[in-house]
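Fold and contact review
The primary structure of each chain is shown beneath.
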Amino acid sequence: MSRSDRTERLRRWALEEGFDHAGVARLEPSEHGEYFLRWLEVGRHAGMDYLARRTDSRVDPRRIFPGARSALCVTLRYAPLAGEEESEGDLWPRVARYARGRDYHRIMKKGLKRLARRIEEGYPGSRVRWYVDTGPVLEREIAQRAGLGAVGKNTCLLREDGGSYFFLGELFLSLELAPDEAATDMCGSCTLCLEACPTDALPEPFQLDSARCISYWTIEHRGHLPLDAREMIGDWVFGCDVCQEVCPWNRRPQEPADHPDLRL
């Protein structure tokens, strides 16, 4: 079986497991590795010390495990969901959309584990390692190389047919696969996300200052909240969607995704 045939088969298997899209990237050193290391050096990761661990794998995903050759990347849309109504008059509007349903880690994990077993059974001797939002990888860059979307100026991955309201998962494989064509810029001259951020957490296009991000303070931070952080948070409860809400790709009408497992 050719590399292209293997890619097509794995893409089909991913969709059969319930993921919305799948693409393949060849594992290569990050094109933005030096920027990422500088971002860490100046403290833009705030208190997320885990981002400074295993930087060797983050800047070169071939180090995930010996013999890693390809990444199969998948998406799962979380908004809009079929049968889900927008809540009003309570706290939900001040909770990021991705957190209004069940824990996506568990749902993504089940699908990725099933897919990993299928690959291991279909290609005896192959190695597979999966991650969902927890691995030492620059997942948006790899997903862009897999053709699943382009990193936007708000640092989220954007798709023409789904905006940025989707989760990402990856399976790192020892298989040689034919890579998909990388996605290209979708922002153009638009700067709506930078202008709308209520705390100026996006000082420049494609750059995030976590210490000024509401999502960081309400989700990632542990311990006492500094006074200036409380002022930035305002009435947000968990996360913040402002930079996504103003994005033209998210304001386009979208066909609701049929993922009942994500609904409460």
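Values in this document were obtained by computation on a predicted structure and should not be read as measured data.

Secondary structure assignment for the chain yields ten helices and six strands. Against the compact-globule benchmark of 18 Å for 264 residues, the chain has a radius of gyration of 19 Å, which places it among compact chains. Taken over the C-alpha atoms alone, the chain extends approximately 60 × 45 × 40 Å along its principal axes. Across the 264 residues in the chain, those meeting the buried criterion constitute 48%.

Turning to the sheet that holds strand 1 (residues 21-26), a few remarks are in order. The strand order 1-2-6-3 describes an open sheet built from four strands, whose pairing is antiparallel. Across the chains shown, the open sheet's two edge strands, defined by having one partner strand only, are strand 1 and strand 3 (128-131). Ignoring strand direction, the axes of neighbouring strands in this sheet form an average angle of 20°. Of the strand pairs in this sheet, strand 3 and strand 6 (residues 166-173) are connected by four bridges, and their pairing is antiparallel.

Another aspect to go through is empty space enclosed by the protein. Scanning all chains against the criterion turns up one cavity of 30 Å³ or more. Each pocket or cavity is described by its volume, and for the largest cavity that value is around 40 Å³. Contributing to the lining of the largest cavity are E28, S30, R58, P61, L138, E141, I142 and R145. The leading source of residues in the lining of the largest cavity is helix 5 (residues 139-145), at three residues. Within the lining of the largest cavity, the residues separate by chemical class into three nonpolar, one polar and four charged.

For V42, the position within the fold is in the loop between helix 2 (33-41) and helix 3 (55-59). Between the C-alpha atoms of V42 and G67, which are 25 residues apart in sequence, the distance is 33 Å.

Moving on to a positive patch on the surface. On the surface, R102, R106, K109, K110, K113 and R117 cluster together into a patch of positive charge. Within the secondary structure layout, K109 lies in helix 4 (residues 104-122).

Attention now moves to the packing of aromatic side chains. Counted by the stated rule, this structure contains eleven aromatic pairs. Arranged with centres 5.9 Å apart and planes meeting at 80°, the rings of Y98 and Y104 form a pair that is edge-to-face. Residue classification places Y98 among the partly exposed residues on the basis of a relative accessible area of 24%. Seen from their ring centres, Y104 and F167 are 4.1 Å apart, and the 10° between their planes marks the pair as stacked. Taken together, the residues span a long stretch of sequence, with Y104 in helix 4 and F167 in strand 6 at a distance of 63 residues. Take F167: its relative accessible area is 6%, and that puts it in the buried class. The rings of Y78, Y98, Y104, Y165, F167 and F238 are connected pair by pair, giving a single aromatic cluster. Above the ring of W236, the side-chain terminus of R94 is found at 4.1 Å from the ring centroid.

For the rest of this paragraph, the subject is the state of the cysteines. Here is the idea: a disulfide is a covalent bond, and it sits between the sulfur atoms of two cysteines. Scanning the model with the defined rule gives zero disulfides in all. Distance from the sulfur of C197, which forms no disulfide, to the nearest cysteine sulfur (C240) is 6.7 Å.

In helix packing, the relevant descriptors are the interaxial angle and the interaxial distance, both defined with respect to the helix axes. It is at 10 Å that the axes of helix 1 (residues 3-16) and helix 4 come closest, and there the two elements cross at 145°. Relative to helix 4, helix 1 is oriented so that their crossing is right-handed. Residues L10, W13, A14 and E16 of helix 1 form the contact with helix 4, whose participating residues are L115, R118, I119 and G122. Tallied by class, residues from the contact of helix 1 with helix 4 come to five nonpolar, one polar and two charged.

Within helix 2 the residues assigned to the buried category are G33, F36, W39 and L40. Around the axis of helix 2, the buried residues are gathered within 120° of arc, so they sit on the same side. Away from its buried face, by an angle of more than 90 degrees, helix 2 presents the exposed residues E34 and E41. Buried residues along helix 2 sit against helix 3. Remark: G43 follows helix 2 within two positions and exhibits a positive phi of approximately 80°.

The rules we used
- Residues numbered from 1 in each chain as written.
- Predicted model: local features only at pLDDT ≥ 70, side-chain atom pairs only at ≥ 80, totals over all residues.
- Heavy atoms only, no water.
- Helix = DSSP H or I, 4+ residues; strand = E, 2+ residues; numbered from the N terminus.
- Rg over C-alpha atoms; globule rule 2.2 N^0.38 Å.
- Buried < 20%, exposed > 50% of the residue type's maximum accessible area, 1.4 Å probe, protein only.
- Pairing = 2+ DSSP bridges.
- Axes fitted to C-alpha atoms, helices over the stretch in contact; angles between N-to-C directions.
- 1 Å grid on protein atoms, 1.4 Å probe; cavity = no way out; pocket = protein on both sides within 12 Å on 5 of 7 lines; lining within 4 Å.
- Points joined across faces, edges and corners; volume = space filled by probe spheres on them.
- Nonpolar A, V, L, I, M, F, W, Y, C, P; charged D, E, K, R; others polar.
- Patch = residues over 30% accessible without salt bridge, like charges linked within 9 Å, V, L, I, M, F, W, Y side chains within 5 Å.
- Areas by Shrake-Rupley, 256 points an atom, 1.4 Å probe, with all protein chains shown as cover.
- Salt bridge = Lys/Arg side-chain N within 4 Å of Asp/Glu carboxyl O.
- Lys, Arg positive; Asp, Glu negative; His and termini not counted.
- Charge placed at Lys NZ, Arg CZ, Asp CG, Glu CD.
- Phe/Tyr/Trp six-rings, centres within 6.5 Å; stacked < 30°, edge-to-face > 60°.
- Lys NZ or Arg CZ within 6 Å of the ring centre and 35° of its normal.
- Disulfide = S-S within 2.5 Å.
- Left-handed = near helix turned anticlockwise from the far one by under 90°.
- Contact = heavy atoms within 4.5 Å.
- Arc of directions from axis to C-beta.

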